[in-house]
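# Coordinates in review
This is what each chain is made of:
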Amino acid sequence: MKYLMVLLSSLIITLNASAEMIVISHPESEVDRLSKKQVIDLYMGRVQHFPNGGKASTLDMPTDSDHRAKFYKGLTGKTLPQINAYWARLIFAGRATPPQPVESSQEVIATIMKDTTAIGYIDKSELVDSVKVIAHVE
């Protein structure tokens, strides 16, 4: 029984540790920090520029990705079907362009390393030294 409790506790700790999504940028990006509202505005197509006026290129995971589900739920409180419906309405109305889709966290990092205007999100457990963390989404 004691072994089961220790195993269960470590599983809960592991799940909590990987539950945080982080927003990252190129290490030479002029943006050092974004508030939750600023990240929402960028990822919901309300703005296309960073607060300092520089162009922002948002990267997004595939529509059925667990990372995407965790990110948008933590950021907006909305489910993936709600986010997908939101974007479908904006695209149909011609009012905004969605974030650029990528296939994986590795592709997010690779794209960011080539583009100082790009931002993306990854699970905190996938963080590498070559990028800069500019926001946290729990």
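What comes next concerns the included structure. The structure presented is a predicted model; accordingly, all values stated were derived computationally and were not measured. (Residues numbered from 1 in each chain as written. Predicted model: local features only at pLDDT ≥ 70, side-chain atom pairs only at ≥ 80, totals over all residues. Heavy atoms only, no water.)

## Focus on the environment of histidine 26
Positionally, histidine 26 belongs in the loop between β1 (21–25) and α2 (36–43). Along the sequence, histidine 26 and threonine 111 sit 85 residues apart, while their C-alpha atoms lie 9.1 Å from each other. Excluding residues that lie within four positions of it along the chain, histidine 26 makes contacts with Ile112, Met113, Asp115, Thr116, Ala118 and Lys132. Side-chain polar atoms of histidine 26 contact the backbone oxygen of methionine 113, separated by 3.5 Å. (Helix = DSSP H or I, 4+ residues; strand = E, 2+ residues; numbered from the N terminus. Contact = heavy atoms within 4.5 Å. Polar contact = N/O pair within 3.5 Å; in protein donor to acceptor, adjacent residues only side chain to side chain.)

## Description of the nonpolar core
The biggest cluster of nonpolar side chains holds 35 residues, and the ones touching the most others in it are Leu34 and Phe71. Sorting the residues of this core by element identifies β1, α2, α3 (66–76), α4 (80–93), α5 (105–114), β4 (118–123) and β5 (132–137) as the ones contributing at least two each. If we ignore the near neighbours within four places in the chain, the residues touching leucine 34 are Val39, Leu42, Phe50, Pro51, Ile119, Ile134 and Ala135. (Core = buried A, V, L, I, M, F, W, Y, C linked by side-chain atoms within 4.5 Å. Buried < 20%, exposed > 50% of the residue type's maximum accessible area, 1.4 Å probe, protein only.)

## Focus: the packing of aromatic side chains
Taken as a whole and judged by the stated rule, the model has 7 aromatic pairs. Where phenylalanine 71 meets tyrosine 121, the ring centres are 3.8 Å apart and the plane angle is 0°; that geometry is what we call stacked. Placement of the pair is phenylalanine 71 in helix α3 and tyrosine 121 in strand β4, with a sequence separation of 50 residues. In this pair, the class of phenylalanine 71 matches that of tyrosine 121, namely buried. Judged by centre distance (6.4 Å) and plane angle (80°), the ring pair of tyrosine 72 and tyrosine 121 falls under edge-to-face. Of this pair, tyrosine 72 sits in helix α3 while tyrosine 121 sits in strand β4, placing them 49 residues apart in sequence. Residue classification places tyrosine 72 among the buried residues on the basis of a relative accessible area of 0%. Among the aromatic residues, those joined into a ring-pair cluster are Tyr43, Phe71, Tyr72 and Tyr121. (Phe/Tyr/Trp six-rings, centres within 6.5 Å; stacked < 30°, edge-to-face > 60°.)

## With respect to the sheet that holds β4
In space, the 5 strands of this open sheet follow the order β3-β2-β4-β1-β5, with mixed pairing throughout. Strands with a single pairing partner mark the edges of an open sheet, and in this sheet they are β3 (100–101) and β5. When β1 meets β4, the two strands line up antiparallel, connected through 5 bridges. Bridge assignment links valine 23 to a residue of β4, and that residue is tyrosine 121. Against the sheet, α2 makes contact with β1, β2 (57–60), β4 and β5, and its axis sits at roughly 110° relative to β4, the strand it touches most. (Pairing = 2+ DSSP bridges. Axes fitted to C-alpha atoms, helices over the stretch in contact; angles between N-to-C directions.)

## Digging into α5
Within the span of α5, buried status applies to Ser105, Val108, Ile109, Thr111 and Ile112. Axial view of α5: buried residues confined to an arc of 165°, hence all on one face. Set apart from the buried face of α5 by more than 90 degrees, the exposed residues are Gln106 and Lys114. Residues of α5 that are buried in the fold lie against β1, β2, α3 and β4. (Arc of directions from axis to C-beta.)

## A closer look at the environment of proline 101
With respect to the element layout, proline 101 can be found in strand β3. For the pair proline 101 and threonine 63, spaced 38 residues apart in sequence, the C-alpha separation works out to 8.4 Å.

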